[in-house]
Amino acid sequence: MKKILCVPFDPVHDVGIKLIKNSLAERGHCTELLPPDLSMEEIVKKAAATQYDYILVSRTLGYGVAELLARFNDLLDAAGVRESTKVVLGGKPITPELAAELGFDKGFGEHSSIDEVIAYIEDRPLNGTADNHKRTKPDIASHYFYSFRHKRIGELLDTIAEKTLHWAEGKSSSGIERCKIQEELSAVSDPSQKKRLTDRYNSLCDPVIADANSKKIFPKGVRYITDDEMENVRLLIREKQPLRQQNIRHHSRQPLIFKFLGSGCPTMDIVHAKICERYGVNGFLIVNPSWEARYEGLLHGLLTHENDGTITSEENIRLMRDCLNPSTLLTVRAHRGLNTPEMIYLAAKAGADMTKINLVYGSLGAGTDPERLTVDGLYAMKIAAEHNMAFDIPGNDELSGVPAAKSLAGLLINVMLGKKLGAKAILKPLFCYGPDIVLHGQMKQNFVDYNAAKIRALRSIVDAPIWPGEPIAFMTQTEERVQSANATSYHAALAASTGVDAITIASTDEAFSRGPITIASRIDSIRAVTDAFRFMGDASFQPTAAADNFTDDFVRKIQSALETVAAYANLPEAINAGALGSKEDGAYPGKFGKGTVRNSEQQIPNHK
């Protein structure tokens, strides 16, 4: 048991020191709290009259206060108190460095916890709850059974999925073949076998990719990461590991928080990620360059890219995974393009936790031929299932003007296909102000009803995780950082009140950035959401009666869209016909990879 004197060295602010005093008393320590209006001399006289083990001094800083604290320390020293007593300084603006500079034995600041103070007093290591390395990795999909609550919609989805799986049976592509080669390369060690497989892989790539991998002739702006850059990142991580990770969520029922990584430079991504981890972010999404989706084949190696989008080579993914806290989730975008199966396989091999697949949006909004992406995407779902990787389904096609009900119908088709292939899907409806909403005025009265109705509609249809994105509040933000942070926080609070599992938030400069995303803008949005979650706690928004009408309308229109899709022979045919987004909606079936689907027994042609 320690004898402790608690000193509110401030005429007003003594709440913090009272909380610490109460916690120490509960643990059996002998604590005494002085009133906040004593003079410096009276405090020193009291401290010298009794032998204390610790004197805890609480103070907010202001003009001249540093000099006062230094003088107070000198008086304690002159009275002989410092010979047997440790003097500790705490307060919102205090840092360990400042406390040491002023002559105190220890300092605790804004982000210190009472547990840390107690551990110091009791001269023991900090217990697990305050140690970020003790955090457990969440599993978003683990508590869901993927049962369909809406009988008719479930039947329609089953019909669409069965038709599509039957159509895709026996079909392959160069993307699938490259994925198989990657799997073979992982299993062989003989150099001649590796060369044979590598040559075959390069023959299935577009020349720009094959030349980069075999001749080191990289696309413009791409280069290897240098040894010095790697060493600097490792040094930073070793020296700057945070003592304690903050928590964005006020309670465990609030959604997990994800942010984008995709500066083009993996080392910059890591620096930003480590800072975001310190502020409590639960996971990250690696966003790749748009051209990566258009070329057959992926680049290999530790590579940096001078434009937006980080190259998703196995080595880059592994580097980021290894540098993140073990409890942090990492997902890799693969929902579009000509490399979906291979990208998911390499992501799993490199230790990523989740991936991203949407056969509908990838075909309508991201430029891939529907037949090619369906064949590749179904194979990719099998890989995800094999490696126990959940996949999220982005609903960004609504941003092109596709009505929300059609977008949500597309998400549900992916859920059913994933279920039949053993993969766990995560619904990802937009939670923002999109073109279809602008045109038809669903958010004229408020931004609450329509967004809440999407979640209600999906919950009424299927038992599956929901993760609004991507990001929330998109198209409501401006270049004014405070407004942008506020818009994000409002949407985050609304999402929390609907009971979703996760959300993706943008930095305050992300939607309008004319250059790299800044660390300060990342912190803006994180802190805004943290405050919103604390403000809301276990309270919630109250949607109006319009939300009920929107919900019923969503369910009815989702069923109607699925009735239309189910009338076609398979999903690609329905997409090409405009059943899930027409040209009038602003959606156009993609052309990348058109005509490249082959039967499995056919030789996949070289791309050179």
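Because the structure is predicted, anything quoted here is derived from the model rather than measured.

**Considering the environment of Ala48**
Tracing the backbone through its elements, the reader meets Ala48 in helix H2 (residues 40-49). Classification of Ala48 by relative accessible area gives partly exposed; the value is 43%. A sequence separation of 556 residues divides Ala48 from Ile604, and the C-alpha atoms of the two residues are 87 Å apart. Setting aside anything within four residues of it in sequence, one finds Ala48 in contact with Ala79 and Val81.

**Quick look at helix H3 (residues 65-78)**
For an α-helix, 3.6 residues make a turn, and residues three or four places apart therefore share a direction. Under the 1.5 Å per step criterion, the end-to-end length of H3 is 20 Å for 14 residues, consistent within 8% with the ideal 20 Å. The set of residues buried in H3 consists of Val65, Leu69, Phe72, Asn73 and Leu76. Buried residues along H3 cover an arc of 100° about the axis, so they all sit on one side. Of the exposed residues in H3, the ones pointing more than 90 degrees away from its buried face are Glu67, Asp74 and Ala78. Positive phi appears at Gly80, one or two residues downstream of H3, with a value of about 85°.

**So, the sheet that holds strand S5 (residues 106-108)**
With parallel pairing, the five strands of this open sheet are ordered in space as S2-S1-S3-S4-S5. Strand pairing shows two members of the sheet lacking a second neighbour, strand S2 (30-33) and S5, which therefore form its edges. Across this sheet, the average inter-strand angle for adjacent strands is 20°, counted without regard to direction. Here strand S1 (residues 3-8) pairs with strand S3 (residues 54-58) via five bridges, running parallel.

**Focus: the pairing of strand S13 (residues 390-394)**
Burial within S13 is extensive, with five of its five residues counted as buried. Side-chain alternation along S13 places Ala390, Asp392 and Pro394 on one buried face and Phe391 and Ile393 on a second face that is also buried. Relative to S13, strand S12 (residues 354-356) runs parallel, the two sharing three bridges. What sits directly across from Met354, in S13, is Ala390. Of the pairings in the sheet, the one linking S13 to strand S14 (residues 425-428) comprises four bridges and is parallel in character. Counted as the bridge partner of Ile393 is Leu427 from S14.

**A closer look at the sheet that holds strand S11 (residues 329-333)**
Read across the sheet, seven strands follow the order S14-S13-S12-S11-S9-S8-S15 without closing on themselves; strand pairing throughout is parallel. Each end of this open sheet is capped by a strand with a single partner; those strands are S14 and strand S15 (502-504). Put simply, the sheet's adjacent strands are angled 25° from each other on average, direction ignored. Where S11 and S12 come together, three bridges link them in parallel fashion. Within S12, the position partnered with Val332 by the bridge is Thr355.

**Some points on the side chain of Asn358**
By secondary structure assignment, the location of Asn358 is in the loop between S12 and helix H15 (361-364). A polar contact is formed between the side chain of Asn358 and the backbone oxygen of Pro394, at a distance of 2.6 Å.

**A look at the domain arrangement of the protein chain**
Parsing the protein chain into structural domains produces domain 1 (3-121) and domain 2 (156-172 + 242-576). Of note, the centres of domain 1 and domain 2, computed from C-alpha atoms alone, are 48 Å apart. Taken together, the five residues of domain 1 in the interface contact five residues of domain 2. For the pairing of domain 1 and domain 2, the buried interface totals around 380 Å² over both sides, and the portion due to carbon and sulfur atoms is 41%. Summed over the three residues of domain 1 that lose the most area to domain 2, namely His111, Ser113 and Glu116, the buried surface amounts to 90% of that side. The tally of links between domain 1 and domain 2 comes to zero salt bridges. Taken together, the connections running from domain 1 to domain 2 amount to zero residue pairs in polar contact (both at pLDDT 80 or more). Split into classes, the residues belonging to the side of domain 1 that touches domain 2 amount to no nonpolar, three polar and two charged.

**Brief notes about the pattern of salt bridges**
Scanning all chains against the criterion turns up 35 salt bridges. Close ionic contact of Lys180 with Glu177 constitutes a salt bridge, the shortest N to O distance being 3.8 Å. A residue pair is termed a helical-turn pair when its members lie 3 or 4 positions apart in one helix, as Lys180 and Glu177 do in helix H7 (residues 174-187) at three residues. Notably, a salt bridge pairs Lys215 with Asp211, separated by 3.7 Å at the nearest N-O pair. Note that Lys215 and Asp211 are positioned in helix H9 (residues 207-215) at a spacing of four residues, about one turn of the helix.

The rules we used
- Residues numbered from 1 in each chain as written.
- Predicted model: local features only at pLDDT ≥ 70, side-chain atom pairs only at ≥ 80, totals over all residues.
- Heavy atoms only, no water.
- Helix = DSSP H or I, 4+ residues; strand = E, 2+ residues; numbered from the N terminus.
- Buried < 20%, exposed > 50% of the residue type's maximum accessible area, 1.4 Å probe, protein only.
- Contact = heavy atoms within 4.5 Å.
- Expected span 1.5 Å × (residues − 1).
- Arc of directions from axis to C-beta.
- Pairing = 2+ DSSP bridges.
- Axes fitted to C-alpha atoms, helices over the stretch in contact; angles between N-to-C directions.
- Polar contact = N/O pair within 3.5 Å; in protein donor to acceptor, adjacent residues only side chain to side chain.
- Domains from an automatic or database assignment.
- Buried area = accessible area lost by both parts, 1.4 Å probe.
- Salt bridge = Lys/Arg side-chain N within 4 Å of Asp/Glu carboxyl O.
- Nonpolar A, V, L, I, M, F, W, Y, C, P; charged D, E, K, R; others polar.

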